[in-house]
Amino acid sequence: MKLDKVFKNNEAWIKDKLAVDSNYFENLGKGQNPELLYIGCSDSRVTAEELMGAKPGEVFVHRNIANMVISIDLNVMSVVNYAVDHLRVNHVIVCGHYACGGVKAAMQSADLGILNPWLRNIRDVYRIHKLELNSIEDEEKKYDRLVELNVKEQCVNLIKTAAVQKAYRDRGLQVHGWVFDVHTGKLIDLEINFEKYLKDIMEIYHLD
Ligand SMILES: [Zn+2]
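**As for the packing of aromatic side chains**
Then, number 1: Per the stated rule, a full pass over the model turns up 4 aromatic pairs.
Then, number 2: Ring geometry for Trp-13 and Phe-25: centres 5.4 Å apart, planes at 70°, overall edge-to-face. Of this pair, Trp-13 sits in helix 1 (residues 3-20) while Phe-25 sits in helix 2 (residues 24-28); the two residues are 12 residues apart in sequence, bridging distant segments of the chain.
Then, number 3: You can call Phe-25 partly exposed: its relative accessible area is 28%.
Then, number 4: A connected cluster of aromatic rings, assembled from ring pairs, spans Trp-13, Tyr-24 and Phe-25.
Then, number 5: It is Lys-196 that lies over the ring of Tyr-197; its NZ or CZ is 5.6 Å from the centre.

**Examining the coordination of the zinc ion**
Then, number 1: On the protein side, the zinc ion has Cys-41 (SG), His-97 (NE2) and Cys-100 (SG) as donor atoms, found 2.1 to 2.3 Å from it.
Then, number 2: Linear spacing of the donor residues for the zinc ion on their chain is C-x55-H-x2-C. Of this pair, Cys-41 sits in strand 1 (residues 36-41) while Cys-100 is found in the loop between strand 3 (91-97) and helix 5 (101-107), placing the two residues 59 residues apart along the sequence.
Then, number 3: Note on Cys-100: relative accessible area 1%, which makes it buried.

**So, a nonpolar patch on the surface**
Then, number 1: Residues Met-1, Leu-3, Val-6 and Phe-7 make up a contiguous nonpolar surface patch of about 510 Å² in total accessible area.
Then, number 2: By the element assignment, Phe-7 lies in helix 1.

**Here's the deal with unusual backbone geometry**
Then, number 1: Although it is not a glycine, Asn-67 adopts a positive phi angle of roughly 45°.
Then, number 2: Inspection of the secondary structure assignment puts Asn-67 in the loop between strand 2 (59-64) and helix 4 (74-86).
Then, number 3: Despite not being glycine, Ala-99 has its phi angle at roughly 65°, a positive value.
Then, number 4: Note that Ala-99 resides in the loop between strand 3 and helix 5.

**Describing the pattern of salt bridges**
Then, number 1: Going through the model one piece at a time under the given rule, you end up with 9 salt bridges.
Then, number 2: Between Arg-145 and Glu-132 there is a salt bridge, with the nearest N and O atoms lying 2.4 Å from each other. Separated by 13 residues along the polypeptide, Arg-145 in helix 8 (residues 139-159) and Glu-132 in helix 7 (residues 130-134) bring together distant segments of the chain.
Then, number 3: Glu-132 gets classed as partly exposed once you look at its relative accessible area, which sits at 32%.
Then, number 4: Arg-169 is the salt-bridge partner of Asp-170, the closest N and O atoms lying 3.1 Å from each other.
Then, number 5: A residue is classified by how much of its surface remains accessible, and Asp-170, at 52% relative accessible area, is exposed.
Then, number 6: It is possible to trace a salt-bridge network through shared partners that takes in Glu-132, Arg-145 and Glu-148.

Quick notes on the rules
Each chain carries its own residue numbering, running from 1 in the written order of its sequence. Under the rules for a predicted model, residues below a pLDDT of 70 receive no local features and side-chain atom pairs below 80 are neither given nor counted, while totals for whole chains, interfaces and linings still include all residues. Only hydrogens and water are set aside; all other atoms, that is, all heavy atoms of the structure, feed into the side-chain values. Centres within 6.5 Å make a pair out of two Phe, Tyr or Trp rings, where for Trp the six-membered ring is used; the pair is then stacked when the planes are under 30 degrees apart, edge-to-face when over 60, and tilted otherwise. Segments assigned H or I by DSSP are reported as helices when at least four residues long, segments assigned E as strands when at least two residues long, and all are numbered from the N terminus. Relative accessible area decides the class of each residue, using a 1.4 Å probe on protein chains only: under 20% of the type maximum gives buried, over 50% gives exposed, and in between gives partly exposed. Over a ring means this: the NZ of a Lys or the CZ of an Arg is within 6 Å of the ring centre and within 35 degrees of the ring normal. We call an atom a donor if it is N, O or S and sits within 2.8 Å of the metal, or 3.2 Å for Na, K and Ca. Water is not counted, so some sites may look partial. Each patch groups residues whose relative accessible area exceeds 30% and which form no salt bridge, using 9 Å between like charges and 5 Å between nonpolar side chains of Val, Leu, Ile, Met, Phe, Trp and Tyr. Computed with a 1.4 Å probe, the accessible areas rest on the Shrake-Rupley method; for each residue, only the protein chains presented here act as cover. Only one rule defines a salt bridge in this text: a Lys or Arg side-chain nitrogen within 4 Å of an Asp or Glu carboxyl oxygen.

Any functional reading would require information that these geometric values do not contain.
What follows is the structure, encoded as structure tokens:
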């Protein structure tokens, strides 16, 4: 992707939008009212809006390496608070993906410098689910399963936040765990049992 191509593409995109609706950007400038908060991986193949067919204004997006929700990460926590408390989204999605480089790196014993503390959170997911993961012999299947379990644990981390607990109580906000299969393009709903997780978590992490 050459940089001059980016600006040419942008001009073409503006023309396309205005051809359909001459007020497109005027309306876009009025504000946003997204229904979803999507937390996904920074991986260049997992294009949040494109894979969902979402239009500008429809989804609030946060991406980081391996779609992590870490309680001391001011960035993701600010996004969650802003989207839930101010934009009042009704669905929060953690979307992982198979063949995730971040998850793979966490499965290997290598010193990756500044990435170590970040990836340690995925190693913690491995530790929590060690019995299940160690029983999977096929390395690829084990890797896929860790991707799924990481999504579930990040959903659990979301449910631990006061913002999510309050929004669930006040307006029934829901948390969802999805995986994008880069090999087929398919978006898979892990159908995490949000109510059950919430109940389990509230026993210990009840904040409001
Ligand atoms: Zn990834």
